[in-house]
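Each chain, letter by letter, is given below.
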Amino acid sequence: MTFPPDLLPLLLRTSKLAALTGAGVSQESGLRTFRDAQSGLWAQYKPEDLASPQAFARDPKLVWDWYAWRREAVKAVRPNAGHYALVEIEKRIPQFTLITQNVDGLHRFAGSKNVLELHGNIQRVRCSECYTFAETWGDDSESVPKCEVCGGLLRPDVVWFGEALPRDSLEAAVEAARTCEVFFSVGTSGVVQPAASLAYAARNRGAVVVEINLEPTPLTPKADFFLQGKSGEILPALVKAVWG
Ligand code: OAD
């Protein structure tokens, strides 16, 4: 794999890098991306119609079951070479922040340390009313499990459409984007705010923007470098090319 010649020395001297990842990074682990067609039982639903407070209010059991299905899918997969390459980059860049929209937890599983999970984590479950986290819950097939403290319905601790992102993580992500020298946007369609605006925040403060994606996105015309292909192939090759 060949890279633009000026990218490699730039990365070698970078001391502050922020990387935003999306569902594409986990695609090679065997997880469908958010906007890919769904399979089997769930093919008739659009994810956007299931990942919302309105959907949960309308049919909590349907939404609970969809997340239970996805939780099992996540448990069955492992990080891929792209996740591990990001671990290697973290070891080599003095200040590295990994900002992810993924709820699968695969970056931490791979060993990344400074990870901001902007959209939550599918393995965490909390009360929809009082926010108490639940470690275990009974799963009868009839109804959504309830909170032991207040009796409210349990839900995944993920951010749904129309909900606010966790404030601390978002603030830290904005700070990392505004102060980095290089910003990576990897495997994300860049259409969901506020995550999508982070690349622009970085660019406006003078950072070099590097995009890695299978296909062009709305960010591509603004990126300084667009590396087209699979993140599980490009990221390890990049680590090798820069740091040997
Ligand atoms: P999307 O499904 O919108 O986009 C996945 C992107 O990854 C696409 O641009 C693909 O071209 C690219 N892609 C697929 N496979 C790839 C690979 N192997 N290597 C590199 N790129 C690849 O997923 P996200 O951008 O993550 O939020 O979606 C953002 C958010 O939209 C999700 O976190 C979710 C949804 O709303 C919430 O649920 C709050």
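The structure displayed is predicted, hence computed values, not measured ones.

Caption draft 1: Structural detail: the sheet that holds strand S3 (residues 115–117). Taken together, 6 strands build an open sheet; the order of strands is S3-S2-S1-S7-S8-S9 and the sheet is parallel. The outermost strands of the open sheet, each flanked by one partner alone, are S3 and strand S9 (225–228). Each neighbouring strand pair of the sheet contributes to a mean axis angle of 15 degrees, computed without reference to strand direction. Examined bridge by bridge, strand S8 (residues 208–213) and S9 share 4 bridges and lie parallel to one another. Each residue of the ladder has a partner; that of Glu211, found in S9, is Phe226. Its contacts with the sheet place helix H8 (residues 167–179) against strand S1 (16–21), strand S2 (95–100), S3 and strand S7 (182–186), and it is angled at close to 130 degrees to S3. Along the sheet face, helix H10 (residues 231–243) touches S7, S8 and S9 and points at about 155 degrees away from the line of S7.

Caption draft 2: Up close: the pattern of salt bridges. One pass over the structure, following the stated rule, counts 9 salt bridges. One salt-bridge network, in which partners are shared between bridges, spans Glu117, Arg124, Arg126 and Asp157.

Caption draft 3: Structural detail: the site of the ligand. Not every one of the 22 residues close to the ligand is listed here, only the nearest: Ala23, Arg35, Thr188, Ser189 and Asn213. Taking Glu28, its side chain carries an N or O atom lying 2.9 Å from a nitrogen atom of the ligand. Thr188 has a polar side-chain atom sitting 2.7 Å from an oxygen atom of the ligand. When the ligand sits alone it has 790 Å² of accessible area, and the protein chains cover 93% of it. The class makeup of the residues in the shell around the ligand is 6 nonpolar, 12 polar and 4 charged.

Caption draft 4: Main features of the packing of aromatic side chains. Within this structure, the stated rule accounts for 5 aromatic pairs. When the centroid spacing of 6.2 Å and the interplanar angle of 45 degrees are considered together, the rings of Tyr67 and Trp160 count as tilted. One end of the pair, Tyr67, is in helix H5 (residues 60–75); the other, Trp160, is in the loop between strand S6 (154–158) and H8, with 93 residues separating them in the sequence. One cation-aromatic arrangement involves Arg126 over Tyr131; the distance from NZ or CZ to the ring centre is 3.9 Å. The ring of Trp160 is capped by Arg155, whose NZ or CZ atom sits 3.7 Å from the centre of that ring.

Caption draft 5: Examining the sheet that holds strand S4 (residues 120–127) more closely. Here we have 3 strands laid out as an open sheet, ordered S5-S4-S6, and antiparallel in their pairing. Across the chains shown, the open sheet's two edge strands, defined by having one partner strand only, are strand S5 (133–134) and S6. Strand contacts of H5: S4 and S6, with the helix running at about 140 degrees to S4, the strand carrying the most contacts.

Caption draft 6: How the structure looks around the side chain of Thr14. Mapped onto the elements, Thr14 comes out in the loop between helix H1 (7–13) and S1. Within the structure, Thr14 has its side chain in polar contact with the backbone oxygen of Leu10 (distance 2.6 Å).

Caption draft 7: Up close: the environment of Glu88. Among the secondary structure elements, Glu88 is positioned in helix H6 (residues 81–92). Residue class for Glu88 comes out partly exposed when judged on its relative accessible area of 26%. Each C-alpha atom of the pair Glu88 and Ser112 lies 8.5 Å from the other, and the pair is 24 residues apart in sequence. Within the local environment of Glu88, its side chain forms a polar contact with the side chain of Arg92, the two groups lying 2.7 Å apart.

Thresholds applied
Residues numbered from 1 in each chain as written. Predicted model: local features only at pLDDT ≥ 70, side-chain atom pairs only at ≥ 80, totals over all residues. Heavy atoms only, no water. Pairing = 2+ DSSP bridges. Helix = DSSP H or I, 4+ residues; strand = E, 2+ residues; numbered from the N terminus. Axes fitted to C-alpha atoms, helices over the stretch in contact; angles between N-to-C directions. Contact = heavy atoms within 4.5 Å. Salt bridge = Lys/Arg side-chain N within 4 Å of Asp/Glu carboxyl O. Near = heavy atom within 4 Å. Polar contact = N/O pair within 3.5 Å; in protein donor to acceptor, adjacent residues only side chain to side chain. Areas by Shrake-Rupley, 256 points an atom, 1.4 Å probe, with all protein chains shown as cover. Nonpolar A, V, L, I, M, F, W, Y, C, P; charged D, E, K, R; others polar. Phe/Tyr/Trp six-rings, centres within 6.5 Å; stacked < 30°, edge-to-face > 60°. Lys NZ or Arg CZ within 6 Å of the ring centre and 35° of its normal. Buried < 20%, exposed > 50% of the residue type's maximum accessible area, 1.4 Å probe, protein only.

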